[in-house]
Every structure is written in structure tokens, then in C-alpha cells.
Amino acid sequence: MECEHYNERLSEYVDGTLGAAETGAVRQHLAVCQRCCIDVRELRAMKQLLGVLKGPEAPSGFWPRMYGAIRARRQAAKAATGRREWLGTRRRGFAVAMAAAMTVLLAFLPTVQQGPEAWEMRPDDLIALHALSSLRNPLGERGRIGFVLSEKDARDLGHPEGGEFHED
Amino acid sequence: MKIRPFLLLAAGMAFALASVCTQAGPSAEAILQKALSASDRLAFEGRQMVTMWLSDRKTEATITYEYHHGRNRYRIEYLAPRRARGRLVITDGKSRWQYEPASRRASVEPAGADDGREAFFDFSLALLKSNYRFEMEPKGGAVAGRRADIVHILPRHTGKPSQTLWVDSATGLILKIERTHHDGSLTSVSAYTEIHFKPSLPASLFTFNPGRGIILTAKGNAGSRYDLIALRRRFGSAIFLPRRLACGYRFCSAGVTSLRGKTAVQMNYTDGLNTLTLIQVPQKNGRLPARSSRIIMVGSQKGTLASGGHFEVLTWPHPSAPTTLSLIGDMSEAALIRVARSVSPESPNR
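Bear in mind that the values here come from a model prediction, so they are computed numbers and not experimental data.

Enquirer: Can you help me understand the packing of helix 7 (residues 123–134) of chain A against helix 8 (residues 142–156) of chain A in this one?
Expert: A pair of packed helices is characterised by two quantities: the angle between their axes and the separation of those axes. Residues and elements named next belong to chain A. Relative orientation of the contacting elements helix 7 and helix 8 amounts to 140 degrees, with a least axis distance of 9 Å. Classified by the angle between their axes, helix 7 and helix 8 sit oblique to one another. The handedness of the crossing between helix 7 and helix 8 comes out as left-handed. Residues D124, D125, I127, A128, A131, L132 and S134 of helix 7 touch helix 8, and the partners they reach there are I145, V148, L149, K152 and R155. For the contact of helix 7 with helix 8, the class distribution of residues is seven nonpolar, one polar and four charged.

Take a look at the structure:
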């Protein structure tokens, strides 16, 4: 009963629209309820991916590091006087800029790799999900559907020919 | 002339006897009802052959030797096709194992809760009765040496597959299923070619003990199940639902699952015999591999249609949301597209 009470508030908790007291109460409940933790994880994944929440954020500490790098570069540029010093600063500035650029790349590289172009639906994955739900049907063809599912699992297990999809 | 009353009496008795005999046999509905629960209470082993007619007019035969102890415990040993030979699928009701001898790898995953089965049976039978009519073969038949009642399940509306069941007269177990596509072509036949009913089977058959050198990997849970109210409460307008379903289909269940690393919401609809699945993935332009599909228009959107056995898979991007949708079912292309065109985000006011 208590779990159900908190479970109904998980969506708002993830959206950040609960009051401070309720947020605290949900957080306390999450510390002891594995089931609700799983639900929160699913909700976060779903809402973020659907774009209901804000877009992907940079990793924690990214922006302070970036601002720090910019400040350091400005200060270094101001302090530069002689050619040697100037060269040293330039090198440091270049290194900082490179580090910043690399940080940007590293921060957003996973997003690029998981982008639309890299992800493909597989018909046999979709059919396996469909077959799994069809298995519940008591009058369904369990033999055929079971085979469809086992073929998918065979592919996942690295069977050389398992799970092949029959094409037209 | 004196013989006439005797003849009339004899004819009357024959008619009465014939009526009694006809009424004495169970009705098709009673046989189906018995068949629904038979697999829950029986222990048996036997050889099953499944023949599938594929979309390229080829056939594929699967032969298994199976042990069943109630619904939740079974062991399936694959004998054919060659690529599946030696494959083992075992469940003890709590876990499901699959072993692939070619790669010497095995997986284990939770078997999944199977609660609310009786209510689901009632729901399925009620839908079945409203969408299909039943016809019994008067003579019955035999499968694997056992007497069987033959029931044809025929659609009341065009465009749906039909099915014929051979149901063991003594136990109610379905011994053979013949399935016909909505265009009348055979899609699959599964039948026991040998069957032995047992009082019980040893528990050791339903657990998997990986031998030396076999890599066993644990798979995650298949996902969470929701009813429609819970799903709406949970995801609100992030959920896409069909506004128009194919004839006779009703919402059956929903779940959140994982599809190649992406969280996917899955909704299942049934007409009592067939299932239609809608899968939505929060990914713009998720697409089917071009080699196994063809381009098809869903409204103004370019989608892809693939056939896997006799399942059709229609995938298309939603025009205004970063979401890719898929419909999977044994249904005509036109009917799938009609449903697909009606899929829209859930209104918060519904």
C-alpha cells in the first residue's frame, strides 16, 4: 500500500515537479524499495529518450572545467610579455584549447555513436518481442512461436547460423 | 400394410437415438474450454514436428522431443533443423535456460510471471467467440495414435487467419494445430508424432546443469508489464496508441522492455486467436535493414515492411515526435497500414 502510494508519484519525481517534502519522502522510499528504483530507472530512460525532459546534458564538471580553461587562457594571454613567455603561453593556451576541444568531443561522442544513423531495427528482434507476447495465447502455436524465440536467443548466444531471418 | 406402424416406430426410434448420440458429444466450445486448461495439469513427453511455410514458399521443419510437467515446467530438445540440433530450452517455472551446442554457450533468464491466467483464458474465449465461429468435424480423427476431436476456428470477418485444432478426446491436450493465412494458404502445421502421458516426470529434467567448458550468461528480466491505466499514468502523452484497431481486436497487455539497448514500450492486442503488437522506440529514424524490407507509405511518412515467416513487420517514424513505431502481426498489409495511420500520441484528457 505504501509502495503504491510512492509508485504513483514516481513520474512527477522524475519530472522534478514534486514539492520538497514529497521529493524527500520518495527519495527515502527509493532507498529501501528495489522495485520502485527499477521503475525510476525505466521512467528516466523513457522520458529522456522521448525528449519529454531536457536534452542530454554534459557530464558533471564539464562546464566548470570549460570555464576554467577559458579563464586560464585569457589570464595567460594578458600576462604574456616576452617572445619566450609569449610562446610558452601560446603553447599552454593551445594545450588548454586542445584539451577543451577533446573534452567536448569526448562528452558528445557517445551521443553521436548512438545516433539515428547507427541504430537499426532488426525484424527478428521485433518478431521475437511479438512472439513472446503471443506465447500467452493458450490456443496459439507454441511450437512455432517457441522456435522463433529460440532462434533469436541462439543468435544472441553467438550461434553461427542461429536466428537467421528469412527474406523474401 | 400391417408393417407400416412398425416401420414408423423403428424410424422414430432411430431418429431419437441419432439425436441423443449427437447431443451426447461435447460441443466445440466445451472442447476448447477443456483444451485451454489441459496443458496446466498434464505431464507428458513426446516428439513434435512443426512445419512452417515461409514467405518465399519454402518450408522449414522443426522437430523436437519435449517433456512437459504442467505449463510451467518443460524441456525441449531440438532434433532438427540441423542448425538447431542439440539446442536445449528448459524451464522450471522460475528460470528459463537455453543452451546452444555449436557455441557451447548457455543463457539463463527469469521465466516471467504468468499470473492471472484464468482471467486471461476467460477474456480470450469471450473474444474468440465474438470474432470466430467453431465447427466440429463429425467423425473426429487421430493424431499420434490417439483419438482426437477436430475443431475448426473460422473467422467471422474476412482478412483473418483460421485455425484447426486436433484435441485429444481423453485429456483435452492439443495434439495438432493447422493454421491458415487469411488468403487461405497454409502457414504452419504443428503436430505430435509420438506422445506418452505420464503421472509425473523427474524434476531433474527441468533444470540445466552446465557442464565443463560451457559459458553461462545471465540475461536481465524481460521487462515490466502494465495495464493500460498504469501505462497512461506512467507515461502520459509520451505514449502512442492506435485510435483504430483491426476488426475485433482488443487491448491485451503492455510492457516496457529493451530493444537492442533502447527502452521500448510494447502494447499487445488480441482478437482471441491472433496477436497484434505495437512497439515504440524513442529513436528518430530507427529503420529496418533495407535488404530485408521494402519501402511503404504510412500517410506522409516513408516506412518499411518486412515479412518474417508469416508475420508482417511495419516500421515507420512518427511525423512529429522523435519516435519510431513498429506494428507486428499476422495481418494483411492494408489492415496494418490502416492501424498504423491511426497511431497518435496519447491525449492527456483521455
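Text resumes after the structure shown.
Enquirer: Please explain the environment of B:R179 as it appears in this structure.
Expert: All names here are of chain B. Mapped onto the secondary structure, R179 falls in strand 11 (residues 174–180). When the C-alpha positions of R179 and S162 are compared, they lie 6.0 Å apart, and in sequence the two are 17 residues distant. At 2.8 Å, the side chain of R179 forms a polar contact with the side chain of Q163.

Enquirer: Please clarify how the side chain of B:T180 should be interpreted in this entry.
Expert: If you trace the backbone, B:T180 turns up in strand 11. Filtering out sequence-adjacent residues up to four positions away, B:T180 remains in contact with B:P161, B:S162, B:S185, B:L186 and B:T187.

Enquirer: Help me understand the pattern of salt bridges, please; the structure alone is not making it clear to me.
Expert: When the charged atoms of two side chains lie near each other, side chains of opposite charge can form a pair. All names here are of chain B. Following the criterion strictly, the structure yields 14 salt bridges over all chains and no others. The salt bridge involving K129 is made with E29; its shortest N-O contact spans 2.9 Å. Note that K129 is positioned in helix 3 (residues 117–131) and E29 in helix 2 (residues 28–41), a separation of 100 residues in sequence. For K129, a relative accessible area of 34% puts it in the partly exposed group. Classification of E29 as partly exposed rests on a relative accessible area of 29%. K160 serves as the salt-bridge partner of D271, at 3.0 Å between the closest nitrogen and oxygen. In this pair, D271 sits in the loop between strand 17 (262–270) and strand 18 (275–281) while K160 sits in the loop between strand 9 (146–155) and strand 10 (162–168), placing the two residues 111 residues apart along the sequence. For D271, a relative accessible area of 0% gives the class buried.

Enquirer: Would you mind going over the packing of aromatic side chains with me for this structure?
Expert: By convention here, two paired aromatic rings are described through the distance between centres and the angle between planes. Here the structure, examined in full by the defined rule, presents six aromatic pairs over all chains. Consider the rings of A:F147 and B:Y78, whose centres lie 5.8 Å apart with planes at 40 degrees: the pair is tilted. Here B:Y78 lies in strand 3 (residues 73–80) and A:F147 lies in helix 8, a pairing that spans two chains. Across this residue pair, the class does not change: A:F147 and B:Y78 are buried. Pairing B:F44 with B:Y192 gives two aromatic rings, centres 5.8 Å apart and planes at 85 degrees, and the pair type is edge-to-face. Residue B:F44 is found in strand 1 (residues 43–53), and its partner B:Y192 is found in strand 12 (residues 186–198); the two are separated by 148 residues along the sequence. Looking at B:F44, the relative accessible area reads 3%, which means it is buried. Of the residues examined, B:Y192 reaches a relative accessible area of 8% and is grouped as buried.

Enquirer: When you look at helix 8 of chain A in this model, what are you seeing that I'm missing?
Expert: An α-helical turn contains 3.6 residues, so any two residues separated by three or four positions project in the same direction. Residues and elements named next belong to chain A. Taking 1.5 Å of rise per residue, 15 residues should cover 21 Å, and helix 8 covers 21 Å from first to last C-alpha, within 8% of that figure. Among the 15 residues of helix 8, 11 are classified as buried, and the element is accordingly described as predominantly covered. When helix 8 is considered as a whole, its buried residues turn out to be G143, R144, I145, G146, F147, L149, S150, E151, K152, D153 and A154.

Quick notes on the rules
Residues numbered from 1 in each chain as written. Chains lettered and ligands numbered in written order. Predicted model: local features only at pLDDT ≥ 70, side-chain atom pairs only at ≥ 80, totals over all residues. Heavy atoms only, no water. Axes fitted to C-alpha atoms, helices over the stretch in contact; angles between N-to-C directions. Helix = DSSP H or I, 4+ residues; strand = E, 2+ residues; numbered from the N terminus. Parallel < 35°, antiparallel > 145°, perpendicular 65-115°, else oblique. Left-handed = near helix turned anticlockwise from the far one by under 90°. Contact = heavy atoms within 4.5 Å. Nonpolar A, V, L, I, M, F, W, Y, C, P; charged D, E, K, R; others polar. Polar contact = N/O pair within 3.5 Å; in protein donor to acceptor, adjacent residues only side chain to side chain. Salt bridge = Lys/Arg side-chain N within 4 Å of Asp/Glu carboxyl O. Buried < 20%, exposed > 50% of the residue type's maximum accessible area, 1.4 Å probe, protein only. Phe/Tyr/Trp six-rings, centres within 6.5 Å; stacked < 30°, edge-to-face > 60°. Expected span 1.5 Å × (residues − 1).

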